[in-house]
Structure formats: structure tokens, C-alpha cells
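Residue-level listing of the chains:
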Amino acid sequence: MKILLFSIPPSYFLSKAQVYYTTRILFKQHVLFLFESKSMVYLKMNVRDQEEYEMPFDGIALYAVVSELQNNIVGSRVMKIYQPKKDELWIFLYQNGQEFKLLVSVNSTNCRLHLTEEEISNPASPPMFCMILRKYLIGGRLKQIVQKDLERIVEITIQNNNEYMQHVEYRLIIEIMSKHSNIILVHADDNTIIDAIKR
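Described below are features of the structure shown in this document. (Residues numbered from 1 in each chain as written. Predicted model: local features only at pLDDT ≥ 70, side-chain atom pairs only at ≥ 80, totals over all residues. Heavy atoms only, no water.)

We now examine the side chain of Arg112. Here Arg112 is to be found in strand β8 (residues 112–116). Here Arg112 sits buried without a salt bridge, and the closest side chain of opposite charge, Glu88, lies 4.4 Å off (N-O distance). At a separation of 3.2 Å, a polar atom in the side chain of Arg112 contacts the side chain of His114. (Helix = DSSP H or I, 4+ residues; strand = E, 2+ residues; numbered from the N terminus. Buried < 20%, exposed > 50% of the residue type's maximum accessible area, 1.4 Å probe, protein only. Lys, Arg positive; Asp, Glu negative; His and termini not counted. Salt bridge = Lys/Arg side-chain N within 4 Å of Asp/Glu carboxyl O. Polar contact = N/O pair within 3.5 Å; in protein donor to acceptor, adjacent residues only side chain to side chain.)

In this section: helix α2 (residues 59–72). End to end, α2 covers 20 Å across 14 residues, agreeing with the expected 20 Å (1.5 Å per residue, within 8%). By the burial criterion, the buried members of α2 are Gly59, Ala61, Leu62, Ala64, Val65, Val66, Ser67, Glu68 and Leu69. (Expected span 1.5 Å × (residues − 1).)

Quick look at the packing of aromatic side chains now. Using the criterion set out here, one finds 2 aromatic pairs in the structure. Geometry around Phe92 places Lys80 over its ring, the cationic atom sitting 4.6 Å from the centre. (Phe/Tyr/Trp six-rings, centres within 6.5 Å; stacked < 30°, edge-to-face > 60°. Lys NZ or Arg CZ within 6 Å of the ring centre and 35° of its normal.)

This brings us to the nonpolar core. When a protein is soluble and globular, its nonpolar side chains tend to lie buried together. By size, the foremost hydrophobic cluster in this structure holds 36 residues, and its most contacted members are Ile73, Leu102, Leu137, Ile156 and Ile183. Not counting chain neighbours up to four residues away, the residues in contact with Leu137 comprise Val78, Ile81, Ile158, Asn160, Tyr170, Leu172 and Leu185. Among the nonpolar cores identified, the runner-up in size contains 5 residues, and Ile153, Ile173, Val186 and Ala196 belong to it. (Core = buried A, V, L, I, M, F, W, Y, C linked by side-chain atoms within 4.5 Å. Contact = heavy atoms within 4.5 Å.)

Below, the structure is given as C-alpha cells:
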């Protein structure tokens, strides 16, 4: 049997189903077997030669991540927002008695977007961008997550109440583009920029 050994860092993915989905998009092959180690997820598929690949976090991988997020956190409420590093956000979401932690990194060498089960401590002094996000997003409901075609751009729409208790929508635009990665908060109605993690 002809086998491909395909390795993926598990922290990039949320479930085995998501890994299956992504590889079938990439190779249009039936996944024969999957097993995990501490550092990688491996897939065996019926292909011509035996080789080993490492999965890039490109538009297709991002598509699989967004699909998983749509199935899990749409409709959840934003409870907490941390910014432990200058280029990293943690958004804590709550839905149906379950907490989800969404990690967004715009680090130039390790930009990514995915759910995580890791623990993180809240910095004593949150950066200005984190405080602005808390002001507009805490208590809001996550309404929509979309990816622009297969581009490395994800838009998260969150509905919240303003100071007059009127419903307003904000959009978090996440650009996963190595050194050009960014997180931008805008008003959803007119795309006016409120702030960005990289100015």
C-alpha cells in the first residue's frame, strides 16, 4: 500500500474531524488512519510515494479552523479578554455551560487562530488595545465568523449594547499574514476603525 505520512502541529487544530476535513481538501484522498503524538498529528493516505509534510497555516488550514469555530462558538458570549503579549489575544467565551478560549496570535513567525485548552494568567496592567476591546466587546454576543474566500482574513462580528442600551455591532478583523498580521476593531455599520493591535 502506498502511504503518505502527513504531520500537523496539534495546537493548530481543534479536533480530529477538522484534520480529516483539511487533508481531504488538500489531497482529495481518503484518510486511512490517524494517530497522535505529543508534538504532531499524523495521517496516512493512499498516495504515490512515502513522504512527510508539515502543515502550513495557510488559507485552506484557516478555512478548516473557521469551520470548527462556526460549529462551536457562534452565539457565545464574550466574558473576558486578555492580552498577555503585545501580539497575542485570548478571548474567553461562554455558551451552554461551557467555556471556550480563543487564541489569536499575530506574531510574525507564529501567527494563528484557534481554540485552546491552555491556561494563561491575566497581566496586571492590560495594554490599551486590550482595554478598548473590553470596553466594546465584553458582554457581547458573537454573531458570525466568516473567512474572506480562502484568504487569510477572518471577520468576527459581535453584537453588544452601547451606553444608551441600543444594539450595536462591532467587527474584529483578523489578518493572518506573517509580518503583516494584525487585529483590527471596527464599527460594523460603516467599517470605521476604532483601534488595532499594530498601529
